[in-house]
Structures are given as structure tokens and as C-alpha cells.
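Residue-level structure breakdown
What follows is the residue order along each chain.
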Amino acid sequence: MTSSPLPRILRRRGEPDYPTFLELFFDLVFIFMLSRLSAGLAQDLTVRGAAQTAVLLLAAWWVWVLTAWLTDLFNPRLPIIQATVLTVMFGTMLMAIAVPHAFADYGWLLVAAYFGIHLVRDAVLIPGTRVNRPIQARSIRVFFWFGVTAAPWAAGAFVHGTARLLLWSVAVAVDLGSARIGWPTPKLGRTELASQIFTGTHLSERHREIFIVALGELILSVGTGLAGSGFQAGRVAASAVAFASAVVLFQLYFHRVRQLLAPPAVTVVERVRSGTSTSYSHLVMVAGVLLVSTSVSLVIDRPFGAAPAAWTAVILGGPALFLIGSCLFDAVLTGRVLWSRALGVVLLGASAPAAALLPPLAVLVVANLVLLLTLVWETLPARSRLVRATVPTG
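As annotated in an unreviewed UniProt entry, the protein is Low temperature requirement protein A from Micromonospora sicca.

So, the overall build of the protein
The number of helices and strands found in the protein is 14 helices and 0 strands. Tracing the protein from N to C terminus, the helices and strands come up as α-α-α-α-α-α-α-α-α-α-α-α-α-α. Contacts in the protein between residues at least 24 apart in sequence constitute 79% of all its contacts with a sequence separation of at least 6. Carbon and sulfur atoms form 71% of the exposed surface of the protein, whose accessible area is close to 17200 Å².

A look at the environment of Phe144
Looking at the element boundaries, Phe144 is found in helix H6 (residues 133-157). Put simply, Phe144 and Pro184 are 40 residues apart on the chain and 9.2 Å apart in space, counted from C-alpha to C-alpha.

As for the nonpolar core
Counting 111 residues, the largest nonpolar core has Phe30, Trp62, Met95, Trp153 and Leu218 as the members making the most contacts within it. It is helix H3 (residues 47-73) that contributes the most residues to this core, 15 residues altogether. In this structure Phe30 touches Ala60, Trp64, Thr92, Ile210 and Val213, once residues within four positions along its chain are discounted.

Conventions used here
Residues numbered from 1 in each chain as written. Predicted model: local features only at pLDDT ≥ 70, side-chain atom pairs only at ≥ 80, totals over all residues. Heavy atoms only, no water. Helix = DSSP H or I, 4+ residues; strand = E, 2+ residues; numbered from the N terminus. Contact = heavy atoms within 4.5 Å. Areas by Shrake-Rupley, 256 points an atom, 1.4 Å probe, with all protein chains shown as cover. Core = buried A, V, L, I, M, F, W, Y, C linked by side-chain atoms within 4.5 Å. Buried < 20%, exposed > 50% of the residue type's maximum accessible area, 1.4 Å probe, protein only.

Below is the structure:
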């Protein structure tokens, strides 16, 4: 504890901890970002293309996470914080514009926007918290590690090919990894994650919102594919199955979230276990939805014929990645493995050899069936107990 006065820009205890309209508005730019990432991966469905997409997704996610933490710790109703969020939003849009050519001619734009976002945020937060040294030290630690990764980010913009991919991979790994260990900084030490001001309820809502944004991008892919299908029977059928994918993913996510986060005490557990772990588990789930969106655009475009191995991998890999992320999220909050979803991952992997012999639409159906079976497995027991409880006895 510290007796230092709270800076005016910090959230006050007792203030509403639900997200503001500005935060919802900010999330809209990530529909554009995710759509650019999905389209880029669909055009270059190779190991290199997947690695490049992963690096860009991690960079975008780091921007979103820091902004979510910013509005969790600082008062998002103050004009200076609102202006900061809007500036970050504009920078994110520039990053998204650069995404398709980030590993070609637009690497400089991605890095410039990324640098600008960090500089603007820290230029506001470090001076704004000067009357409270412990709070200011957190922002200084983040800025220090931004300086550490600035070199590989900038160097990557001046090289090409594998060299850029390696430099940016190191940079983004350090960005996310330094947060997980509390940004250890010379003379300032590290931030104890348990002491971070994560309000629990606010971050829970923000994570749910970004997952909805990811589903929104998936719906956009379905709608775009159907609009360009010429209403051919096979492509319409693929669009219907793709829409079902979005529905099942929605149900799987919120069915478990309602169970985990409905009691007020759970948000306290989430805060104690730190916002970093829940943020990273949501990153994995969002990445899974992104892969589903990529596969949907491919399958709607060509539902029949032989499915290339890369197509099969992404069609089954998207749901598997989502299930892995939900298992990680569950483990963070409960300390246990969600075996129904772990089994779903196993089933998806076991179906891969047979799926390689099927057309893309059939592989998508298989992936949906595994997700649907997982959902049914988790919901039927609860319903059965409810029925037994309502049957009169004697």
C-alpha cells in the first residue's frame, strides 16, 4: 500500500467498472484488423504465411491488451484518456492497412504506427502519474521494455524475408513475455502482477467484447462469401455451415463464461490470478476464430473437389485452437482441465487423416460436428439435473 495521492487520471474506487461506449467504439477497428489478417492468410496459406500472420496478430493483440489495461487502470471518461484511446485507434487502423504488405513494402508503416501508439500512450501516462511514484513506475517499466523491443522492430523494417520475420518474432515475443513477468526494469524492479489494478469485472467484459468482435469478423467473412457466391447451391450450403460455425463457437464460449463468471466472487479470482493470463488465453481463442474465418472464406469459394492439406489443417486447426484457448481460460480461473474440450481437440486431431480424403465442405461439417458434440456433452448433464430437480417426489 502507498499513501501517495491518486492521480486524477486514475479510476476511483466505486466508479462504474463496465466498459464505456468509447471502448466499444475502439473495438470496431479490430474487425478491420482481423479481416485483413484473415484475408492475408487465405492468400498465403503456407507455413511462412501462418508465421507472418501470427506475428502481426500478436502485435495487434498487444495494442488491444495495453489499451484494455489502460482503460481498466485510468479513467476512460477523462478527455485526455479518450483522446489517447482515439489516437491508438487511428494507429491501429494504419497498422491494419499495412498488414497485407507488412512483410513487403509496407513494413515501415506498420512499425511507424506501432511506435506512434506506444509513444503517445506513454507520453500521456508517465507525466500524468508523477504525483504517485508507484503508479508512474508501472508506466515507466512498460516504456523501458518498449525501448528494448524498438530496436528489432525498427531493424526488421529495413530488411526483408526471413530476417524480418525473425526480428519481429523476437520483438513481439519480448513485448508479450515482459508483461507476463512484470516488466523487470533496472532500479525500478518489477511490477507484482497481483498488485496490478485489474478491476476484474471490467476486464472480463472487455475480453468478452473482443471475442464478439472476432465472431463479427467471422460473420463478415460468411456474408461476403455468400454475397459473391452467385447463390450456387454448393457455395450457399458452405455459407450455411460456416454460419453454423459462428453460432456454435458463440454458444461454446458464452455457455462456459456464464458458468465461470456469473458469481461475483469469480471476478475477484480472475483479478488475483492477473489479467495477463486471461488476456493470453483469449488471444488463443481469438486466433482460433481467425483461423475459422480463413477456412470459411476458402470453403465458400471452393466447397467441392480435393481439399489441399493446408486447407484441412486450417479447417480443423481453427476449432482446435479455440478449444485449447478455452481450456487455458478455464485453467486460469479454476485450476482444472476442462476435459470435454480437451477431448474435442483430440477428436479433431484424430479426424485429420480421414478428413484429408474429403472435400472442403465435408471437412468443415466434421469440424462443426466435433464442436457441436462438445457443446451437447457440456449442456445435457446440466439439463438432466434440472429435470430431475423439478420432478415431484413421493
